[in-house]
Each structure stands twice: as C-alpha cells, then as structure tokens.
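# What the coordinates show
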Amino acid sequence: CLPGFVPIMEEWLAFKKEKGQTYKPIGLRACYHNLTKLSDNNPAIAKLIVEQSIANNYSGLFKLRNNGASNNKTNGQLRVNSGAVQDQSIDIYKELFGYDGPPDKFEEWFNRKPYGG
C-alpha cells in the first residue's frame with residue numbers, strides 16, 4: 001500500500017471485520033487496486049469512497065455518488081471541485097506525514113529525507 005492508503009485500507013478492513021467478512025490475500029490485493037483505480041491514486045478521494053461505502057453499509061467499494069464537494073455531471077462524466085479534494089488531501093498529508101504546506105509543494109517536501117530522496 002502507498003503510505004496515504006494504509007489508514008484508509010485499515011478503516012475498510014475494520015468495517016468488514018465488524019460485519020464478519022474478511023479478505024484472503026488475492027482478494028485484498030484486488031480490493032486495494034480497485035480503490036486506487038476508483039480514486040485515481042488520490043488518498044483524499046479514496047477516503048471519501050470508503051466513508052461512502054461504510055455509511056451505506058455497502059459490501060464493496062464503488063465510485064463516489066456525491067463526495068460533498070461541488071460535483072456536477074457534464075457529458076456523463078463526474079466533475080469534482082479540485083479545491084475541495086486538495087484541501088482533504090492536505091489534511092491527510094498533515095495527519096500522516098506532518099506536512100503543513102501548499103498542495104503543489106508536497107511532492108518536493110516528501111522527497112526530502114527522511115521520507116524520500
């Protein structure tokens with residue numbers, strides 16, 4: 001798991017455990033890959049997907065129906081207010097890594113030691 005996805009997957013697995021459901025290794029890997037695909041590798045969107053599934057007592061993970069940001073559909077495609085998603089991404093980065101800077105500088109910050117580079 002990418003670092004930003006670890007607590008999100010843990011939350012999903014805790015929910016599944018409460019329901020008496022578990023994953024075997026192949027199923028867990030497929031679940032993780034599905035979540036990264038549905039969220040375009042964005043932990044903030046992934047967190048919203050998991051929260052949606054938990055809130056609706058879903059058995060699986062699905063595209064967001066309404067993520068609380070300014071959504072609208074244009075030509076059948078979901079458009080997300082990127083500012084709202086970026087704000088949520090920064091909250092996750094702050095929590096996981098102690099990052100407190102602007103969204104466009106996170107990669108540069110992350111690649112410094114001890115995390116990357």
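Per chain, the residues get numbers from 1 upward, laid out in the order the sequence is written. The model is predicted, so local features are restricted to residues of pLDDT at least 70 and side-chain atom pairs to those at 80 or more, both for listing and for counting; the totals for chains, interfaces and linings are taken over all residues. Side-chain numbers here rest on the full set of heavy atoms in the structure, without hydrogens or water.

Once that is clear, we can look at the state of the cysteines. Disulfides are defined in this document as cysteine sulfur pairs within 2.5 Å. Scanning the model with the defined rule gives zero disulfides in all. Free cysteine: C1, not disulfide-bonded; nearest cysteine sulfur from C31 at 9.1 Å. Three exposure classes are used, based on accessible area relative to the maximum for each residue type with a 1.4 Å probe and protein chains only: buried under 20%, partly exposed in between, and exposed over 50%. On the basis of relative accessibility, which here comes to 60%, the residue C1 falls in the exposed class.

A few words on the packing of helix α1 (residues 6-18) against helix α2 (residues 25-38). Where α1 meets α2, the axes come as close as 12 Å, and the angle between the chain directions of the two elements is 125°. When the axes of α1 and α2 are compared, the pair comes out oblique. Of the two possible hands of crossing, α1 and α2 adopt the one that is right-handed. Here α1 contributes I8, M9, W12 and L13 to the contact with α2, which in turn contributes L28, C31, Y32 and L35. Here the nonpolar group is Ala, Val, Leu, Ile, Met, Phe, Trp, Tyr, Cys and Pro; Asp, Glu, Lys and Arg are the charged ones; every other residue, Gly included, is treated as polar. Per-class residue counts for the contact of α1 with α2 are eight nonpolar, no polar and no charged. Whenever a helix is involved, its axis is fitted only over the stretch in contact; in every case the axis is a line through C-alpha atoms, and angles between N-to-C directions fall within 0 to 180 degrees. Only runs of H or I of at least four residues qualify as helices and only runs of E of at least two qualify as strands under DSSP, and these elements are numbered from the N terminus. Between 65 and 115 degrees an angle is taken as roughly perpendicular, under 35 as roughly parallel, over 145 as roughly antiparallel, and anywhere else as oblique. What makes a crossing left-handed is the near helix being turned counterclockwise from the far one by less than a right angle; a clockwise turn instead makes it right-handed. The contact criterion used throughout is that any non-hydrogen atoms of two residues lie within 4.5 Å.

Before going further, it helps to spend a moment on the confidence of the model for the protein chain. Low pLDDT marks stretches whose predicted atomic positions should not be read closely. pLDDT: the predictor's confidence for each residue, scored from 0 to 100. For the protein chain, per-residue confidence averages 77 on the pLDDT scale, and residues scoring 70 or more make up 59% of the total. Of all the helices and strands in the protein chain, strand β1 (residues 72-74) carries the lowest mean pLDDT, 42, while helix α3 (residues 43-55) carries the highest, 97. Residue range residues 67-84 is modelled with pLDDT below 50. Its contacts to residues more than four positions away, or to other chains, number 20 contacts.

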